[in-house]
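Here's the letter readout for the chains.
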Amino acid sequence: MPAPLRDTQRLLFIAKHARWTGGLHPDDGNHALYHREMRETLEQIGMPLLIADSYPALFDPPGADFVFPLLNRGGFFNSEMLVPLLCNRLAIPYLGASPIVRGLSDDKHLTKLEAAARDVPTAPWALFRRGAPVDVLRCPPARRWVIKPNNSSASWGVRDARDRVELARSITEIHALDHDAIVEPFIDGSDVEVPVITLDGAPAMLPMLVFEQDDPTQLRTYEEKRDLAGHVGYTIREVGDRDIAARIAEYADRMVEVFRPFDYGRFEFRVDARTGDIRLLEVNLNCNLWSEKLFARAATLAGFSHRDLVETIVAESMIRQIRPSVRRNAA
């Protein structure tokens, strides 16, 4: 963090569990630990730090010069965009992409359309918006489907189906959660995560990691990812196949250009265990930076401590957005 920024900027950290001091949260599990760790890490950077855990903190000017928003899943549809919108209304710079770009990445259907336009392979899919007719014959043929909210994270609401009766019921259940539903064939295989940060004003790819499950047919759930249920057996390692790594890097580069500037994000691909085919799954901007998760593990392989990672992300975003006179001093 350049000294002129550290000495003059007041940082507002806003997250659901920004004030958390306990262990696992009964509903959100390790997400509360993540928010607590992020608060403690930001405190170590040494800038004046303000804390908030709800949207009203940005209804009026909060006395901050910059906002770090992690109030992403706000409990209502399209909540990803609200904090950036509130910041825009108050003309306060903030970490991450603009509201419309956050919405684009949060909508898996729109992300897939962007991928298709750039020759990035993605699994065939069908979208079912709430309130529109549900005709499961529109779904791509498959022996097994995965059904999930079109706007969600950490596998919240995900389920699978093996016949079209189950499929219709799953779509209806997701609509009952006040979400659109997206359906695609389940691919037996492993997820490859491509973390991207900003260095010297340009996107920089950290080492890509494969989340290799012992059973590639097992569906991961929100409860498992949040430490609220038992874990699947898995190994996390760097991608060893050079051809697959090179192809994924090329696809990720194409998708990065859709969303920049976004400061940091994770680009997720699925590799078919049998054929080696690669499919883009989704893009997660303002994704999980907890030291226990894949993004931070990739940063460690690149030589960053967790504090280095967070401080670099914040500093790059500030330098990109602050007024020119401060930018010259920061340089």
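Residues numbered from 1 in each chain as written. Predicted model: local features only at pLDDT ≥ 70, side-chain atom pairs only at ≥ 80, totals over all residues. Heavy atoms only, no water.

### Remarks on the confidence of the model for the chain
Spelled out, the test is: pLDDT runs from 0 to 100 and stands for how confident the predictor is about each residue. Here, two residues are considered to be in contact whenever any of their heavy atoms come within 4.5 Å of each other.
Residues of the chain with pLDDT of at least 70 account for 92%, and the chain-wide mean is 89. The low-confidence segment residues 324-331, where pLDDT is below 50, has eight contacts with residues more than four positions distant or belonging to other chains.

### Digging into the packing of aromatic side chains
Just so we agree on the cut-off: Geometry of aromatic contacts follows a simple scheme: Phe, Tyr and Trp rings, the Trp one being its six-membered ring, pair when their centres are within 6.5 Å, and the pair is stacked under 30 degrees between planes, edge-to-face over 60, tilted otherwise. Segments assigned H or I by DSSP are reported as helices when at least four residues long, segments assigned E as strands when at least two residues long, and all are numbered from the N terminus. When a residue's accessible area, from a 1.4 Å probe over protein chains only, is under 20% of the maximum for its type it is buried; when over 50% it is exposed; and in between it is partly exposed. Charge-over-ring contacts are defined here by two conditions on Lys NZ or Arg CZ: a distance within 6 Å of the ring centre and an angle within 35 degrees of the ring normal.
Following the criterion strictly, the structure yields four aromatic pairs and no others. When the centroid spacing of 5.7 Å and the interplanar angle of 80° are considered together, the rings of Phe-13 and Phe-68 count as edge-to-face. Residue Phe-13 is located in strand β1 (residues 11-14), and its partner Phe-68 is located in strand β3 (residues 66-69); the two are separated by 55 residues in the primary sequence. Phe-68 matches Phe-13 in its accessibility class, with the two residues each being buried. An aromatic cluster is built from Phe-259, Phe-262 and Phe-267, whose rings are joined through pairwise contacts. If you follow Arg-138 out to its NZ or CZ, it ends over the ring of Phe-128, 4.3 Å from the centre.

### Side note on helix α4 (residues 99-106)
Within α4, seven of the eight residues are buried, which leaves the element mostly enclosed by the surrounding structure. Of the surrounding elements, those touching the buried residues of α4 are α3 (82-90), α5 (108-117), α8 (242-259) and β13 (278-285).

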